[in-house]
Amino acid sequence: MDAPRLPADTHWNALADTVSRQAGTLHLASLSTRLAELRTQVRRRHGFVDRIALALHDPDSGRLTTLIDPDHAKLQSLGAGYPVADLRALAALADDGKTHLLDAPAIGAVDHEASRLWAGYRSSLAHPVTVDDKLLGLLLFDSRTPDVFDTRTVEDLGIYAHLLATIVSQELTSVQMMVGGLRLARNLAHLRDIETGAHLDRMSHYARLIAREIAGPNGFDNDFVEHVFLFAPLHDVGKVGIPDCILLKPGKLSDGERRIMDGHVALGVDMVDRMIRDFGLGRLPQLALLRNIVAHHHEYLDGSGYPNGLGAASIPLEARIVAAADVLDALCCTRSYKKAWPMRDALAEVSRMSGTRLDPQCVDALLRCRDEVEAIHDHFELPAERHP
């Protein structure tokens, strides 16, 4: 009889959408440095260019929704968004793919919350960024001086705009490939997971809870928390390379079979490295976090883990978080060789492992948020795992 399956596709689809949105947004934020470098070069020839920014376009709503401005450390939200169709010049720009001049009257006529897109600027050039004929954003060359963009300047800046638009398009293509690779890897992990996906759902939510509780004291922000959540389901992705006769074997594994099973860590790291190399994603800093989770989530503080026998602070925090979440849910899972433990017993065992195998701050977070832990368990619990 097939194991019961969660109607959890909605969760996985939402997770994939979040990966797409966050991976794209976080990666595009790195373009701020490129924009700043370009502005320095442009100002040597055209000192009146005060800002070069990238306004991101949402194809579904037809609005500019986010601004990447090198003068700001974070991405700037445009509130409800700015409808491209409201300015004739921008509508034409989206159609013909050329650089367009936006004069001061047109900018001043913008009557939306997103009018702050040009707040303080009196003239602007806009150039489209497209991938596969889809408008993904506008490069903006802005000046606080009106009527400074003559025909020759427009042609000159158009060259810069075209080159940068090509770079941005390549960056976006890299993001799309990364997201596609992550989706494929996650779906493979979901298919091969012997808990039919419920384990991945639960442990990733436990991991986010732990990360939320301990990120601040360890000097990390909310981006770290969300990346732990997004990448935690991939911790055992290397199991796709383990033969079914071992992965799904009922009962205890032999020593030889255990060595093969433990090899899933190296297989997973190889998959991540291949994705980074083949897709040209080496510049994405958040992928180091993914690699650490895959490589080190079976390491223990006392050095008794595998594959490298790391100890204490040698284990990256994200891997320690996932290890605690993984152990807790493994105890609560029904396996061919054991019944699911009640949550109270699982938490007691995790508490016993604190300071030897598991990071005490991770365990403390689980114990401190026990009500949330139990709510997560109940939400993703399979019928076979329920206790009378």
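For clarity, every value in this text was computed on a predicted model and none was experimentally measured. (Residues numbered from 1 in each chain as written. Predicted model: local features only at pLDDT ≥ 70, side-chain atom pairs only at ≥ 80, totals over all residues. Heavy atoms only, no water.)

### Looking at the overall build of the protein chain
Next up, step 1: A tally of helices and strands in the protein chain yields 15 helices and six strands.
Next up, step 2: The buried share of the protein chain, taken over its 388 residues, is 51%.
Next up, step 3: Considering only contacts within the protein chain whose residues lie at least 6 apart along the sequence, 65% involve residues at least 24 apart.
Next up, step 4: For the protein chain, the exposed surface amounts to about 18,300 Å²; the carbon and sulfur share of it is 51%. (Helix = DSSP H or I, 4+ residues; strand = E, 2+ residues; numbered from the N terminus. Buried < 20%, exposed > 50% of the residue type's maximum accessible area, 1.4 Å probe, protein only. Contact = heavy atoms within 4.5 Å. Areas by Shrake-Rupley, 256 points an atom, 1.4 Å probe, with all protein chains shown as cover.)

### Some points on the pattern of salt bridges
Next up, step 1: On inspection of all chains with the given rule, the structure shows 17 salt bridges.
Next up, step 2: When the shortest N-O distance is used, the salt bridge between Glu374 and Arg370 registers 3.0 Å. Of the two residues, Glu374 and Arg370 are both situated in helix α15 (residues 370-379); the distance of four residues between them amounts to about one turn of the helix.
Next up, step 3: We classify Arg370 as partly exposed; its relative accessible area is 33%. (Salt bridge = Lys/Arg side-chain N within 4 Å of Asp/Glu carboxyl O.)

### What to know about the nonpolar core
Next up, step 1: Ile210, Ile321 and Leu328 are the most contacted members of the largest nonpolar core, which totals 51 residues.
Next up, step 2: Residue contributions to this core peak at 10 residues, all from helix α12 (residues 317-332).
Next up, step 3: Every residue in contact with Leu328, bar those within four places of it in the chain, is listed here: Tyr206, Met343, Ala346, Leu347, Val350, Leu366 and Val373.
Next up, step 4: By size, the runner-up hydrophobic cluster in this structure holds 22 residues, among which are Val42, Val154, Tyr160 and Ala161. (Core = buried A, V, L, I, M, F, W, Y, C linked by side-chain atoms within 4.5 Å.)

### Overview of unusual backbone geometry
Next up, step 1: Cis geometry is adopted by the peptide bond preceding Pro307, which originates at Tyr306 and carries an omega value of 10°.
Next up, step 2: Within the secondary structure, Pro307 is located in the loop between α11 (286-296) and α12.
Next up, step 3: Look at Ala312: it is not a glycine, yet its phi comes out positive at around 45°.
Next up, step 4: Turning to its location among the elements, Ala312 is positioned in the loop between α11 and α12.

### Overview of the packing of helix α13 (residues 343-352) against helix α14 (residues 360-368)
Next up, step 1: At their nearest, the axes of α13 and α14 sit 9 Å apart, and the two run at 155° to each other. As summarised for this structure, α13 and α14 are arranged roughly antiparallel, according to the angle between their axes. Note that α13 runs across α14; the crossing there is left-handed. Contact with α13, carried on its side by Leu347, Val350 and Ser351, involves Val363, Leu366 and Leu367 of α14 and no other residues of that element.
Next up, step 2: When grouped by side-chain class, the residues that make up the contact of α13 with α14 number five nonpolar, one polar and no charged. (Axes fitted to C-alpha atoms, helices over the stretch in contact; angles between N-to-C directions. Parallel < 35°, antiparallel > 145°, perpendicular 65-115°, else oblique. Left-handed = near helix turned anticlockwise from the far one by under 90°. Nonpolar A, V, L, I, M, F, W, Y, C, P; charged D, E, K, R; others polar.)

### So, α15
Next up, step 1: Considered for burial, the residues of α15 that qualify are Val373, Ile376 and His377. One face of α15 carries all of its buried residues, which in axial projection span an arc of 100°. Residues Asp371 and His379 are exposed on α15 and point more than 90 degrees away from its buried face.
Next up, step 2: Each element contacted by the buried residues of α15 is listed here: α6 (198-214), α12, α13 and α14. (Arc of directions from axis to C-beta.)

### Quick look at the pairing of strand β5 (residues 123-131)
Next up, step 1: In terms of burial, β5 is largely enclosed, as eight of its nine residues are buried.
Next up, step 2: Summarising the sheet, strand β4 (residues 100-102) and β5 pair through three bridges and their orientation is antiparallel. Counterpart to Leu102 in the pairing with β5 is Ser124.
Next up, step 3: Strand direction decides the pairing type here: β5 and strand β6 (residues 134-143), joined by nine bridges, are antiparallel. Opposite His127, over in β6, you have Leu139 as the bridge partner. (Pairing = 2+ DSSP bridges.)

### Notes on α12
Next up, step 1: Under the 1.5 Å per step criterion, the end-to-end length of α12 is 23 Å for 16 residues, consistent within 8% with the ideal 22 Å.
Next up, step 2: Counting buried positions over the 16 residues of α12 gives 15, a clear majority of the element. (Expected span 1.5 Å × (residues − 1).)

### Some thoughts on the packing of α11 against α12
Next up, step 1: Across the interface, α11 lies against α12 with an axial gap of 8 Å and an inter-helix angle of 50°. One way to sum up the angle between α11 and α12 is to call them oblique. Crossing of α11 over α12 shows right-handed handedness. Across from Leu289, Asn292, Ile293 and His296 in α11, the residues of α12 making contact are Glu318, Ala319 and Val322.
Next up, step 2: Its residues assigned to classes, the contact of α11 with α12 comprises four nonpolar, two polar and one charged.

### Thoughts on the confidence of the model for the protein chain
Next up, step 1: With 72% of its residues at a pLDDT of at least 70, the protein chain reaches an overall mean of 78.
Next up, step 2: Least confident of the elements in the protein chain is helix α1 (residues 9-29), whose mean pLDDT is 45; most confident is α14, at 97.
Next up, step 3: Scored below 50 in pLDDT, residues 1-26 makes 49 contacts in the model with residues more than four places away or belonging to other chains.
Next up, step 4: Note that pLDDT drops below 50 for residues 384-388; the model gives that stretch 12 contacts with residues more than four away or on any other chain. (pLDDT = per-residue confidence, 0-100.)

### Concerning the packing of aromatic side chains
Next up, step 1: Applying the stated criterion to the full structure yields two aromatic pairs.
Next up, step 2: Between Phe48 and Phe149, the aromatic rings sit 5.7 Å apart at their centres with planes inclined by 80°, giving edge-to-face as the arrangement. Here the residue Phe48 occupies a position in the loop between α2 (31-45) and β1 (51-58), and Phe149 occupies one in the loop between β6 and α5 (151-192), the gap between them amounting to 101 residues.
Next up, step 3: Its relative accessible area of 24% is what places Phe48 among the partly exposed residues. (Phe/Tyr/Trp six-rings, centres within 6.5 Å; stacked < 30°, edge-to-face > 60°.)

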